[in-house]
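Fold and geometry: a report
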Amino acid sequence: MGMKSDIKLIDDNGLRIDGRLPNQLRPIKMEVGVLKRADGSAYIEWGGNKIIAAVYGPREAYPKHIQDPNKAIVRARYNMASFSVDERKKPGPDRRSVELSKVISEALESVIFTERFPRTTIDVFIEVLQADAGTRVAGITVASLALADAGIPMKDLIVGCAAGKIDGVVVLDLNKEEDNYGEADVPMAIIPRTKEIALLQMDGDMSYEELITAMDMAMEAAQEIHRMQIEALKRKYTEIEEVE
Amino acid sequence: MGMKSDIKLIDDNGLRIDGRLPNQLRPIKMEVGVLKRADGSAYIEWGGNKIIAAVYGPREAYPKHIQDPNKAIVRARYNMASFSVDERKKPGPDRRSVELSKVISEALESVIFTERFPRTTIDVFIEVLQADAGTRVAGITVASLALADAGIPMKDLIVGCAAGKIDGVVVLDLNKEEDNYGEADVPMAIIPRTKEIALLQMDGDMSYEELITAMDMAMEAAQEIHRMQIEALKRKYTEIEEVE
Amino acid sequence: MGMKSDIKLIDDNGLRIDGRLPNQLRPIKMEVGVLKRADGSAYIEWGGNKIIAAVYGPREAYPKHIQDPNKAIVRARYNMASFSVDERKKPGPDRRSVELSKVISEALESVIFTERFPRTTIDVFIEVLQADAGTRVAGITVASLALADAGIPMKDLIVGCAAGKIDGVVVLDLNKEEDNYGEADVPMAIIPRTKEIALLQMDGDMSYEELITAMDMAMEAAQEIHRMQIEALKRKYTEIEEVE
Amino acid sequence: MGATKFTEGVVPEMKRDYIHKLASKGTRIDGRHFDEIRPLKITKGFASRAEGSALVELGNTKVLVGVKVEIGTPFPDTPNSGILTTNAELVPLASPTFEPGPPGEEAIELARVVDRGIREGHAIDLEKLVIEEGEKVWIVFIDIHVLDYDGNLFDASGIGALAALTDAVVPASKHDLGDDFKLPIQHYPVPVTFAKIGNWIVADPNLDEESIASARLTVTTNENGYINAMQKGLNGTFTYDEVKKAINMSIDIGRKIRSIIMGDSDGKEN
Amino acid sequence: MGATKFTEGVVPEMKRDYIHKLASKGTRIDGRHFDEIRPLKITKGFASRAEGSALVELGNTKVLVGVKVEIGTPFPDTPNSGILTTNAELVPLASPTFEPGPPGEEAIELARVVDRGIREGHAIDLEKLVIEEGEKVWIVFIDIHVLDYDGNLFDASGIGALAALTDAVVPASKHDLGDDFKLPIQHYPVPVTFAKIGNWIVADPNLDEESIASARLTVTTNENGYINAMQKGLNGTFTYDEVKKAINMSIDIGRKIRSIIMGDSDGKEN
Amino acid sequence: MGATKFTEGVVPEMKRDYIHKLASKGTRIDGRHFDEIRPLKITKGFASRAEGSALVELGNTKVLVGVKVEIGTPFPDTPNSGILTTNAELVPLASPTFEPGPPGEEAIELARVVDRGIREGHAIDLEKLVIEEGEKVWIVFIDIHVLDYDGNLFDASGIGALAALTDAVVPASKHDLGDDFKLPIQHYPVPVTFAKIGNWIVADPNLDEESIASARLTVTTNENGYINAMQKGLNGTFTYDEVKKAINMSIDIGRKIRSIIMGDSDGKEN
């Protein structure tokens, strides 16, 4: 957030550098069941983001001493390919990806009926192949589809979405330039049916009113993204039925 | 030891740069029972050193294969806070702290009745918050109090003390400048009652006679430090009784 | 391979810089049973290479979960001493030694009757004390002797040998300069009796015909090296008998 | 291992019930109100080899934060800016559940949340820490050393970081770069953490409360009442209303904490 | 940790027998001939933040290779040469047997075999990647990201590496070093891998075949039919005749694969 | 991993009793006197790619020490001094109890004790290793490679380090810095190690003795009879008189060892 620059992020017509309105999402494309080996998988293109997610499990937790006798352990691993960003990223987890893996794990766990699978792990692997801001919320959204594809029972499909502030204007779904030169970013994960908040982070500088406006925007967009998730799942189902 | 310099460490009156006589200790302050979570704890200020120690255990050794069926394992971990020295120290163990942890563990074990607690560990954590030479001997001294505070049965309270040589003179308890520019340092740990030696290291350049003089000095000072340990423990007891 | 240079590797008489003919091995010296602690050991000098090998096992595999109920696990560890090369090598495994350890393990396993020792490991440690090209094939050759010295039952003594191409000529057993400035290297491990190939690597640039010529050379030299292995084992036996 | 967990296994069912029951009556296990933090004591300058330091006691939780200021090279993309870096060590001295080893995910999250508050709140005027543009700048290291863990490390550490920064002096003279000067502080972002217990939201949870909480929210606000950072944790959820309520409370509580930090008061909330 | 194994424990005896029986009849579990590779599809430019990339689908095996080109210092002993470095990540997304952690011996062998083919085959003209002799050169990073593992990572990765290199552009303009230019490719080394099943040698083994193979051989050849790299794996052996046969087959199959890479054809072997 | 222990589990009670009984009669398991070291053989120049090396055989204990001399940058606080660095590898070849992996506490202690002797004994005149003040100096790497472990690595390694240093040549010509020259050695510090067995103190303990010792003391003395380093180990204690006795013995024994090192004698103590 907040690198200084002369870049104008909102033009005189109130449009953003990629032509969007303040409350408009970037184009989103989802596909379910893209990998053979994983128990469940999905792929998302969200603006310039390309992210793939796979689910393995529930499978016996190993080593045994980490097993929870009462429930499954949900472990998400957020990882960026070295070539997913402009400057090559050294392979392996850095501090940022460790933190994101933790908050994503917690968010996903909030919708999974973990108590049905004691002593197991449900492993969710999120690989960012091309990054364009908002990877964590896109990652949650696609991970949710992979969980559904793996047949993991959930209260609801969880949805990730971010809002923020650029050039003093509250906007939805920041892209890379907006994230770099903007004033605030608020990534959220929302359970669409109950509108509960499962992930919430924020960084930048916002008044209380601005923050509420931003959260309102994200809450609303979550319903739209949720509809796309349902569509993606239906496409997979239909295909299968057609094949049969 | 032995960095070259023009600094005069002993003045014309035979006094040291901090005004001490050759066989004089720096001011020492001890306090027992300073932490809530630990099973035992203590804090020491010794010259410019500020060191805190905590004891956890005896507790079941984990992983199981490290358990000794005949006795407790004593594991001391000597650690310096990044900001405890002039030039920031990278967090985590370096080779020096690994060696010190080893010799301190061995010294402390020599007074503990480990055979009473088979299959357990007794963990001693020594955190150097501010360093001014002599941290290992101060660390042993305060760790000994923390062990007592944890109720670990011991033959005696072990005492750490160092002597050395500066400007050709044998002196007790070197401070940082004396350690940097002096000619030898002899850290020891002594069991006050039996006068056995539980830790002994030395580096520098000393004749046999100088070395014996230095060790004599440290052996004697150990008795004085031991009295301070007893006082510190008494203060804790008294307080408790007063509270009750 | 293939660093550019003006060095002439073959002179006008067709001789190599160390005076060898194209199909001539460097001097080789082997000795069996050189270490006290190991279950088996051997030492080789091959040109400027000095390599020692030790075998421990079969011993119970640990941790238990790596045990194979049907056979022994063969684990070779190829390691270079920091001072074995011109520019000091940082201690510990690098990517090259990890790869070599893997292919050497696989090659050695091909001759060992592993099914006789379920749930065990057979550990082979190869230490390069002085390196002069061809360390992996010399390492396999000496490891084979150490295995025999440890009494590990094998189909045959495995032999390592390399051939390659320098100045456009196919030659046997490259030395360091030839390896640095030559055009190709083909390290092999051969089971002398059956002429099976247990290790085969290659890097450089060779026509099919050149490659076959090189492999022919190495296959033939393997028989000669095998005779030296037998001699080295006999010397050890004889000594023992003489002692008795 | 670094498998350090803040919570320590199973809390006895009875204690859990007891805390919930108290909450339903509007009170807490240590008698506090929902929006009341524990007694806060700040000792600045505790560790004198550091350029700045603060020992924070928040109830029984004790955290020592040290600030070191050294010379380094700026990042290529910010040649006109000093560097801030934050690290947290959950040393095993502080809790039976902390293990030696490199920082685990708990320590990393802690360091990053504290860092985010300081950085996004623009606490330090990093542009004043340039010695030679693109070549040489001051690096500010914030090191969080946890000594006694009785819950809510986020607030104790964030408060300690801000207090240590206000205590810090840039050691220019040591490097022949003129007189030493106070680290340039321009904003005072303060974190306040809430736990969700049943359907109640309590500020500054102690260890018992933290252990049975379903969700956690840290909100960092500055002296203008602006929000600079948030971090939700744990596998439970908040309703939107709960989040709004927590943000509002954080502004009020943050103001009280800020006055303790700046006044170097010896604590006693209220 | 890092104990990633390509094969996955015990293959049922029945499947093993079945594959052997098929081999004795001259065919394979998926109906291929011994010298027939699976359908190959190459999508260049898939990852647009990379300077070059290629998504390779070889049957059900999926590998994404990205090429980054950055500025660095040459090695002291090769001041007139750019730098090539190859890395492989067996991310746990791709197989139930892959584990998180630093590259294990499987990933290291994979990276080194791919690297050897590209390097010894002189695919890149590294001398054209010098910016300032002895001071500044272009570094080419090849990163292999395995997405779905159904056997024969060596070929999928080696093909992906070559395809991504042919897709790559050196970002000179970004660094004010003139116009961007295509990475200078001078040779086209292609790996072909064989597995020994019983006494049969099959090309491009799938996971089932790989799991029961006794030995493996990868042969990398270039457009002139020269051999640039070989790597034998597994604890079985080859006869000398089998090795010769595999080398010969690799030249033919390599030629077919090369035409797919260069034509950016959408695959379908034959 | 790295949990290498010098001692190997439980020594049979019978052997322990036997060694004690022998000690009470004034002798040892291999017939030596208390103050007698095992046969010592030193082969200098064993590893010829090193700038200096020595293979030390002390009874059945074998240690190869190599010295590399390379160019580097001096530490900021000692611009007028070369650099000495010592490393020890307990490679698993040398003992069934040594494990692969980064140096554990045993290897670190060994390296540091050897280093301390060489450094504090001022064996090398580091000021003669400056090439350009504050910019370029010679770095001396001492690498201890243990080959066969039958007790008392401290002495075998310390003797090997000193012998390898006396063998070492600074490779100036390779770097166009004039003629090669012998590494400037000014003192000859030699370590002698003692073990406490029951109430007896024995020199140069072999593995059996080491395994049942209650305490260990290494004393490093130089050619003037001055003491340069001491290190007490194990969880037993020494009386003050025992320490004095060991120091005295170390001066005598050190003298004998020194003459073997300097004479390049082929060993045979006495």
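Let me sum up the structure you'll find in this document.

Below, the discussion takes up the overall build of chain D. Each helix and strand counted, chain D has 5 helices and 12 strands in total. Its C-alpha atoms give chain D a radius of gyration of 19 Å, within 12% of the compact-globule value 18 Å for 270 residues. When the 270 residues of chain D are sorted by exposure, 62% land in the buried category. A total accessible area of about 9900 Å² is found for chain D, and carbon and sulfur atoms account for 51% of it. With 29 positive and 41 negative side-chain charges, chain D shows a separation of 5 Å between the mean positions of the two kinds.

Turning to unusual backbone geometry, a few remarks are in order. Outside of glycine, negative phi angles account for most residues, and trans bonds account for most peptide bonds. In this chain, G57(A) is followed by P58(A) through a cis amide linkage whose omega measures 0 degrees. The topology assignment puts P58(A) in strand β3 (residues 49-60). For the bond from Y62(B) to P63(B), the omega torsion is 0 degrees, close enough to zero to count as cis. In this fold, P63(B) is placed in the loop between β3 (49-60) and β4 (73-80). In this structure, H122(D) is a non-glycine residue whose phi angle is positive, near 50 degrees. As for its placement among the helices and strands, H122(D) is situated in the loop between α2 (105-120) and β5 (130-132). By relative accessible area, which is 39% here, H122(D) ends up partly exposed.

What follows covers the pairing of strand β6 (residues 159-166) of chain A. Two faces belong to every sheet, and in a regular strand the side chains alternate between them. Residues and elements named next belong to chain A. Of all the 8 residues making up β6, 8 are buried; the element is thus mostly covered by neighbouring parts of the structure. Here β6 shows no split at all, with V159, C161, A163 and K165 on one side and G160, A162, G164 and I166 on the other all buried. Relative to strand β8 (residues 184-191), β6 runs antiparallel, the two being bridged by 7 bridges. For A163, the partnering residue across the bridge sits in β8 and is V186. One ladder, built from 4 bridges, connects β6 with strand β7 (residues 169-172); its direction is antiparallel. What sits directly across from A163, in β7, is L172.

In this structure the tally under the stated criterion is 9 aromatic pairs over all chains. Their ring planes at 40 degrees and their centres at 6.3 Å tell us that Y43(A) and F46(E) sit as a pair that is tilted. Residue Y43(A) is found in strand β2 (residues 40-46), and its partner F46(E) is found in the loop between β1 (40-44) and β2 (52-58); the two belong to separate chains. Here Y43(A) and F46(E) have matching classes, each one buried. Seen from the ring of F46(E), K50(A) lies directly overhead, with NZ or CZ sitting 4.3 Å from the centre. Directly above the aromatic system of Y240(F) lies the positively charged group of K244(F), at a separation of 4.1 Å from the ring centroid.

Quick look at the arrangement of the chains now. Spatially, chain D and chain E are disjoint, and the shortest separation between their C-alpha atoms is 12 Å. Across the gap from chain E to chain F, with no contact made, the nearest C-alpha atoms are 13 Å apart.

Another point: helix α1 (residues 95-109) of chain A. Residues and elements named next belong to chain A. With 15 residues, α1 should reach 21 Å at 1.5 Å per residue; the first-to-last C-alpha distance of 21 Å fits that figure. For α1, a buried count of 12 out of 15 residues is recorded, marking the element as mostly surrounded by other parts of the structure. Every buried residue of α1 is accounted for by S97, E99, L100, S101, K102, V103, I104, S105, E106, A107, L108 and E109.

Another aspect to go through is the sheet that holds strand β9 (residues 196-206) of chain A. Taken in spatial order, the 8 strands of this open sheet run β7(A)-β6(A)-β8(A)-β9(A)-β12(D)-β11(D)-β9(D)-β10(D), and their pairing is antiparallel. Unpaired on one side and paired on the other, β7 of chain A together with β10 (200-203) of chain D mark the two borders of the sheet. Each strand of the sheet is rotated relative to its neighbour by a mean of 20 degrees, with strand direction disregarded. Inspection of the sheet shows β9(A) paired to strand β12 (residues 227-233) of chain D by 4 bridges, in the antiparallel sense. Paired with M202(A) across the bridge in β12(D) is M230(D). Contacting β8 and β9 of chain A together with β12 of chain D, α1(A) runs over the sheet at an angle of about 145 degrees to β9(A). Sheet strands in contact with helix α2 (residues 135-149) of chain A are β6, β8 and β9 of chain A, and its direction is about 160 degrees off that of β6(A).

Next up on the list: the interface of chain A and chain D. Contacts between the two partners involve 32 residues from chain A, matched on the other side by 31 residues from chain D. Between chain A and chain D, a total of about 3100 Å² is buried, with carbon and sulfur atoms accounting for 55% of that surface. It is R95(A), K102(A) and Y208(A) in chain A that bury the most area against chain D; as a group they hold 22% of the surface buried on that side. The tally of links between chain A and chain D comes to 3 salt bridges. Residue R112(D) is joined to E99(A) by a salt bridge in which the shortest nitrogen-to-oxygen separation is 2.4 Å. The interface formed by chain A and chain D contains 19 residue pairs in polar contact (both at pLDDT 80 or more). Mapped onto the side of chain A that touches chain D, the elements with two or more residues apiece are α1, β8, β9 and α4 (208-243) of chain A. By residue number, the principal contributor to the side of chain A that touches chain D is β9(A), which donates 11 residues. Taken together, the residues that form the side of chain A that touches chain D break down as 16 nonpolar, 4 polar and 12 charged.

The rules behind these values
- Residues numbered from 1 in each chain as written.
- Chains lettered and ligands numbered in written order.
- Predicted model: local features only at pLDDT ≥ 70, side-chain atom pairs only at ≥ 80, totals over all residues.
- Heavy atoms only, no water.
- Helix = DSSP H or I, 4+ residues; strand = E, 2+ residues; numbered from the N terminus.
- Rg over C-alpha atoms; globule rule 2.2 N^0.38 Å.
- Buried < 20%, exposed > 50% of the residue type's maximum accessible area, 1.4 Å probe, protein only.
- Areas by Shrake-Rupley, 256 points an atom, 1.4 Å probe, with all protein chains shown as cover.
- Lys, Arg positive; Asp, Glu negative; His and termini not counted.
- Charge placed at Lys NZ, Arg CZ, Asp CG, Glu CD.
- Pairing = 2+ DSSP bridges.
- Phe/Tyr/Trp six-rings, centres within 6.5 Å; stacked < 30°, edge-to-face > 60°.
- Lys NZ or Arg CZ within 6 Å of the ring centre and 35° of its normal.
- Contact = heavy atoms within 4.5 Å.
- Expected span 1.5 Å × (residues − 1).
- Axes fitted to C-alpha atoms, helices over the stretch in contact; angles between N-to-C directions.
- Buried area = accessible area lost by both parts, 1.4 Å probe.
- Salt bridge = Lys/Arg side-chain N within 4 Å of Asp/Glu carboxyl O.
- Polar contact = N/O pair within 3.5 Å; in protein donor to acceptor, adjacent residues only side chain to side chain.
- Nonpolar A, V, L, I, M, F, W, Y, C, P; charged D, E, K, R; others polar.

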